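Inside the fold
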2 protein chains.
Amino acid sequence: MNVIKNPAKQQWTDLIQRPKIAKEQLTDLIYNILNEVKAKGDEALFRFSEQFDHVKLKQLFVTDTEILESKTLVPNKLKAAIAIAKQNIEKFHASQKTEEVVIETTKGVQCWRKSVGVEKVGLYIPGGTAPLFSTILMLGIPAKLAGCAEIILCTPPNKNGTIHPAILYTANLIGISKIVKVGGAQAIAAMAFGTETIPQVYKIFGPGNQFVTKAKELIQQEGVAIDMPAGPSEVLIIADETANPAFIAADLLSQAEHGEDSQVILLSDNESIIDLTLKELEKQLVCLPRKEIAKQALKNSKFILLNTLDECVDFSNVYAPEHLIIASENASNYTDKIINAGSVFLGNYSCESAGDYASGTNHTLPTNGFAKNYSGVSLESFQKKITFQQLSKEGLKNIGQAIEIMAETEELFAHKNAVSIRLKNIENV
Amino acid sequence: MNVIKNPAKQQWTDLIQRPKIAKEQLTDLIYNILNEVKAKGDEALFRFSEQFDHVKLKQLFVTDTEILESKTLVPNKLKAAIAIAKQNIEKFHASQKTEEVVIETTKGVQCWRKSVGVEKVGLYIPGGTAPLFSTILMLGIPAKLAGCAEIILCTPPNKNGTIHPAILYTANLIGISKIVKVGGAQAIAAMAFGTETIPQVYKIFGPGNQFVTKAKELIQQEGVAIDMPAGPSEVLIIADETANPAFIAADLLSQAEHGEDSQVILLSDNESIIDLTLKELEKQLVCLPRKEIAKQALKNSKFILLNTLDECVDFSNVYAPEHLIIASENASNYTDKIINAGSVFLGNYSCESAGDYASGTNHTLPTNGFAKNYSGVSLESFQKKITFQQLSKEGLKNIGQAIEIMAETEELFAHKNAVSIRLKNIENV
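Residues numbered from 1 in each chain as written. Chains lettered and ligands numbered in written order. Predicted model: local features only at pLDDT ≥ 70, side-chain atom pairs only at ≥ 80, totals over all residues. Heavy atoms only, no water.

Thoughts on the overall build of chain A
Counting secondary structure elements, chain A contains 16 helices and 14 strands. Its C-alpha atoms give chain A principal-axis dimensions of roughly 85 × 60 × 45 Å. The 429 residues of chain A split such that 62% are buried. Long-range pairs, those at least 24 residues apart, make up 76% of the contacts in chain A between residues at least 6 apart in sequence. (Helix = DSSP H or I, 4+ residues; strand = E, 2+ residues; numbered from the N terminus. Buried < 20%, exposed > 50% of the residue type's maximum accessible area, 1.4 Å probe, protein only. Contact = heavy atoms within 4.5 Å.)

Shown next, in the form of structure tokens:
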């Protein structure tokens, strides 16, 4: 842990740097996987699953029997927890629906927008030791609310070819029926190009390892959209004297346990809060099953003493954190000043894990400073907005001449003529 | 012009193909330009402007004197036309503002979103013979409404080092003061990396040639966002017996004159509409200053007779046109069925040039089938949505256990602990 006291503003540029990720030369490897899946389809998926995931699959899709079985394997108290999370996520994302409002910009000129779900979307859920079923809620619920007609979920199976029941249970609960037992770059390829059995999708969502991330980056060149660029997870906490050091330490650790490349930052105008949090951090760290990961992450991390809370918010805006916690009883005083952040947690009882799981906000957020130019996943991520316009004869008469003059100045005479020919027709009738 | 009558549905996949663009090997060239500008800053901009645009610039920024002069050079009737367009575009884009609505997802758990303008944005306006000042309105107005704090406009000067007065007048009118006389990939590089005089931006908007497009594609890897992927412009018109063939022909030509790679498609259930439009097209084509360009574009284009209007809409959804005109007196019957399109023009008096210039809708739209997964530029393109949450003690008590169980199942015990430590604290007080 690096503790920095009252750094000069010129130092900020260095202080906001994320840990450098060694950009491995994956491009050729991933291109090869993409091209193989494009050319050979399902056969390539079976082959890569054996090669990379060491699993001999009998079939690619999860069966109804497996779904039914998952319902008996998930404990009731987990089912109840998922139900609470689902309800809150649905409520918050449903509130993001917008009404179709017709605007008459000039008499006879009506313009509006219609939100339409992206027809076909793909969700990637990473594998590993733990089942990340919470991400299914975060992606599947807005996809359903947006009206996406086709939703494909890809997730790697374990070596026995099975998927964790919490994944299957959650997917089924929100109405996702096409679950493919494929992970890695080959899963992204399958959804981007389609295979004999897997439908091609228009947009791919979800986190993943470096292979998945690279594949998502490359398939954009094929016209497939992705949710957002990826980077390691991070939290920045701004704490004042009203904060609780034990809570701060717990929040920092909940970010640090994500991965060795996670970054956690604490800003405060109060030196004793920094000292007390350091002590709490040591105390809590030793009790964690993932303490080795968290320890590595803490090496990248910084505690920074600044002069005022306002200066802390300024620093945070330059850093643009994925998660920002304002650990203060007066947190709401600072919301107006926040410009760059993915998701903000106000006060001493709004821990990041609330937003990670069950409060209702989305946990798929811009990392690595991308909060400067990207939003987190929301209902809109699964929708397109189509503009409509309808001009009456009167409407065209009202703005026709303006269009003619502008088109003429841009030397686009056919554009002008499309108006002129109509205006003449209106006059002659 | 290719006329296809009642194609079988299996043929659709071929019929929706866009003209193949020879993807030239520009990557190395553009990387070189990006790296030079990154390393050498303004010096590289002066050098590339001389090399590519054959202009020896004295300074990079447009001066106040040039702005003042532009006001005397733009004719009053053009000023009046721009004022009408500005007003309509402002009205429509201002209507896209959303209110901050606090949602209590569970008692004591409040979630909401705040829209914040992207702090620094760059607008690229192409050069060439004609001044594309309309694109300044389409990008600059939503940027201003979104509250983007810094707006940089780059546009190439002519060989005398000057910019068309209509460009300067329009930029000044909407309050853009930083206008840089640089075009091409070097302009994209300048905005992406910043130079001694040009501020770095977080998101870059605007059309351009293959060099600009490639540069925009590549700078995404540097963490800079762009408006959307680019492709040649296109229109698809669905016409029934109530359409006017002269109007259809004029609309097709207004798209065809954009460039030799433009594509125009006419779908109809009425053979005589197709025949009459072909005749009108020939008649109108010869009168156009840009007839050679339009002629080339028409070679890529298709008139397709289908069985019903519904089938036309189905085809359009598969094609996903940038512009869709429903040339029918009953156009509004079909709006519900439209799933994939950038902007839709309803009825016989809603010509595409209305939306290109002055009706109020944005003309920066997804081409090349990207309407399947992207929206056109809107107010939201210049904003990020930040989520906020505030949990009271009661709120955390209501959802805390659900978070604990979910975190435990995902084997993230520090996530669980961030809740447990707070719940314990609440109980003890």
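From this point on, the discussion continues.
A short note on helix H8 (residues 184-193) of chain A
All names here are of chain A. Most of H8 sits out of view: 10 of its 10 residues are buried. Inspection of H8 places Gly184, Ala185, Gln186, Ala187, Ile188, Ala189, Ala190, Met191, Ala192 and Phe193 among the buried residues, and these make up the whole buried set. Note on H8: the residue one or two positions beyond its end, glycine 194, has a positive phi of about 80°.

Examining the interface of chain A and chain B
Opposite the 116 residues of chain A that make contact, chain B presents 117 residues. Here chain A packs against chain B, burying approximately 10,300 Å² in sum over the two surfaces, 59% of which is carbon and sulfur. Its largest share of buried area at the contact with chain B, chain A owes to Tyr349(A), Gln389(A) and Met406(A), together 8% of the area lost on that side. For the interface between chain A and chain B, the tally reads 6 salt bridges. Here Arg113(A) makes a salt bridge to Glu380(B), at a shortest N to O gap of 2.9 Å. Counting the contacts that link chain A with chain B gives 73 residue pairs in polar contact (both at pLDDT 80 or more). Considering each element in turn, the side of chain A that touches chain B owes the most residues, 10 residues, to helix H16 (residues 413-428) of chain A. (Buried area = accessible area lost by both parts, 1.4 Å probe. Salt bridge = Lys/Arg side-chain N within 4 Å of Asp/Glu carboxyl O. Polar contact = N/O pair within 3.5 Å; in protein donor to acceptor, adjacent residues only side chain to side chain.)

Regarding the confidence of the model for chain A
Scored by pLDDT, chain A comes out at a mean of 95, with 99% of its residues at no less than 70. In the predicted complex, the global pTM is 0.96; the interface-specific ipTM is 0.96. (pLDDT = per-residue confidence, 0-100.)

Examining the relation of the copies chain A and chain B
Between chain A and chain B, the superposition needs a rotation of 180° and an axial shift of 0.0 Å, giving an RMSD of 0.0 Å. Here the symmetry operator amounts to a two-fold rotation axis. Considering only C-alpha atoms, the part of chain A nearest the rotation axis is Thr98(A), at 4.3 Å. In this assembly, 100% of the residues forming the interface of chain A have copies in chain B that are likewise at the interface, indicating an isologous arrangement. (Least-squares fit on C-alpha atoms with pLDDT ≥ 70 in both.)

Things to note about the domain arrangement of chain A
A common way to express how large an interface is: the accessible area buried when the components associate. All names here are of chain A. As assigned here, chain A comprises domain 1 (26-227), domain 2 (231-375) and domain 3 (394-428). The centre of domain 1, based on its C-alpha atoms, is set 47 Å off from the matching centre of domain 3. Taken together, the contact pairs 4 residues of domain 1 with 4 residues of domain 3. Carbon and sulfur atoms make up 65% of the area that domain 1 and domain 3 hide from each other, which totals about 310 Å². In terms of surface lost to domain 3, no three residues of domain 1 exceed Thr106, Lys107 and Val109, which account for 86% of the buried area on that side. There are 0 salt bridges connecting domain 1 and domain 3. By residue class, the composition of the side of domain 1 that touches domain 3 is 1 nonpolar, 2 polar and 1 charged. (Domains from an automatic or database assignment. Nonpolar A, V, L, I, M, F, W, Y, C, P; charged D, E, K, R; others polar.)

Regarding the side chain of Ser381(A)
Residue and element names in this part refer to chain A. In this fold, serine 381 is placed in the loop between helix H14 (352-357) and strand S14 (383-391). Judged by relative accessible area, which is 13%, serine 381 ranks as buried. There is a polar contact of 2.9 Å between the side chain of serine 381 and the backbone nitrogen of serine 378. Ignoring anything within four residues of it in the chain, the contact list for serine 381 reads Lys203, Phe205 and Gly376.

Focus on the side chain of Gln186(A)
Tracing the sequence through the fold places Gln186(A) in helix H8. Among residues more than four places away in sequence, those in contact with Gln186(A) are Ile33(A), Val37(A), Leu45(A), Phe48(A), Ser49(A), Phe52(A) and Asp53(A).

Focus: the sheet that holds strand S8 (residues 225-226) of chain B
All names here are of chain B. Read from one edge of the open sheet, 5 strands run S6-S5-S4-S7-S8, paired in parallel fashion. Looking at the sheet topology across the chains shown, the edges are occupied by strand S6 (178-180) and S8. Bridge count for strand S4 (residues 120-124) against strand S5 (residues 150-154) is 5 bridges, and the pairing is parallel. Note that in S5 the partner of lysine 120 across the bridge is glutamate 150. Lying over the sheet, helix H8 (residues 184-193) contacts S4, S5 and strand S7 (203-205), oriented at roughly 175° with respect to S4. (Pairing = 2+ DSSP bridges. Axes fitted to C-alpha atoms, helices over the stretch in contact; angles between N-to-C directions.)

Quick word on the environment of Ala341(A)
Position of Ala341(A) among the secondary structure elements: in the loop between strand S12 (323-327) and strand S13 (343-346). Setting aside chain neighbours within four positions, we find Ala341(A) in contact with Pro321(A), Glu322(A), Leu324(A), Ala371(A) and Ile386(B).

Details of the packing of helix H2 (residues 27-40) of chain A against helix H3 (residues 42-53) of chain A
A pair of packed helices is characterised by two quantities: the angle between their axes and the separation of those axes. All names here are of chain A. Contact geometry for H2 and H3: axes closest at 6 Å, N-to-C directions at 140°. Here H2 is positioned oblique relative to H3, judged by the angle of their axes. Contact with H2, carried on its side by Ile33, Glu36, Val37 and Lys40, involves Asp42, Glu43, Ala44, Leu45, Arg47, Phe48 and Phe52 of H3 and no other residues of that element. The class makeup of the residues in the contact of H2 with H3 is 6 nonpolar, no polar and 5 charged. (Parallel < 35°, antiparallel > 145°, perpendicular 65-115°, else oblique.)

Here's the deal with unusual backbone geometry
A positive phi angle, close to 55°, is found at His54(A), a residue other than glycine. In this structure, His54(A) sits in the loop between H3 and helix H4 (64-73).

Comments concerning the packing of aromatic side chains
Counted according to the given criterion, the structure contains 12 aromatic pairs over all chains. Pairing Trp12(A) with Phe315(A) gives two aromatic rings, centres 5.1 Å apart and planes at 70°, and the pair type is edge-to-face. Taken as a pair, Trp12(A) in helix H1 (residues 12-15) and Phe315(A) in helix H13 (residues 309-319) lie far apart in primary sequence, 303 residues in all. With a centroid separation of 3.9 Å and an interplanar angle of 15°, the aromatic rings of Phe205(B) and Phe382(B) are classed as stacked. Taken as a pair, Phe205(B) in strand S7 and Phe382(B) in the loop between helix H14 (352-357) and strand S14 (383-391) lie far apart in primary sequence, 177 residues in all. No difference in accessibility class separates Phe205(B) from Phe382(B), as the two residues are buried. Across from the ring centre of Phe48(A), 5.4 Å away, lies the NZ or CZ of Arg47(A), which sits over that ring. (Phe/Tyr/Trp six-rings, centres within 6.5 Å; stacked < 30°, edge-to-face > 60°. Lys NZ or Arg CZ within 6 Å of the ring centre and 35° of its normal.)

Observations concerning helix H5 (residues 76-94) of chain B
Every α-helix carries 3.6 residues per turn, so stepping three or four residues along brings you back to the same face. Taking 1.5 Å as the rise per residue, H5(B) with 19 residues should run 27 Å; its terminal C-alpha atoms sit 26 Å apart, in good agreement. Within H5(B) the residues assigned to the buried category are Leu78(B), Ala81(B), Ile82(B), Ala85(B), Lys86(B), Asn88(B), Ile89(B), Phe92(B) and His93(B). (Expected span 1.5 Å × (residues − 1).)

Focus on the sheet that holds S12(A)
Strand order across the open sheet formed by 9 strands is S1(A)-S11(A)-S10(A)-S9(A)-S12(A)-S13(A)-S14(B)-S3(B)-S2(B), with mixed pairing between neighbours. What marks the edges here is a single partner per strand, and that holds for strand S1 (2-5) of chain A together with strand S2 (103-106) of chain B. With direction set aside, neighbouring strand axes in the sheet form an average angle of 20°. Pairing of strand S3 (residues 109-117) of chain B with S14(B) involves 9 bridges; the strand directions are antiparallel. The residue bridging Val109(B) from the neighbouring strand is Leu391(B), located in S14(B). Packed onto the sheet, helix H10 (residues 245-256) of chain A meets strand S9 (234-239), strand S10 (263-268), strand S11 (302-305) and S12 of chain A and runs at close to 170° relative to S9(A). Relative to S14(B), helix H15 (residues 393-409) of chain B is tilted by about 90°, and along the sheet it contacts S2, S3 and S14 of chain B.

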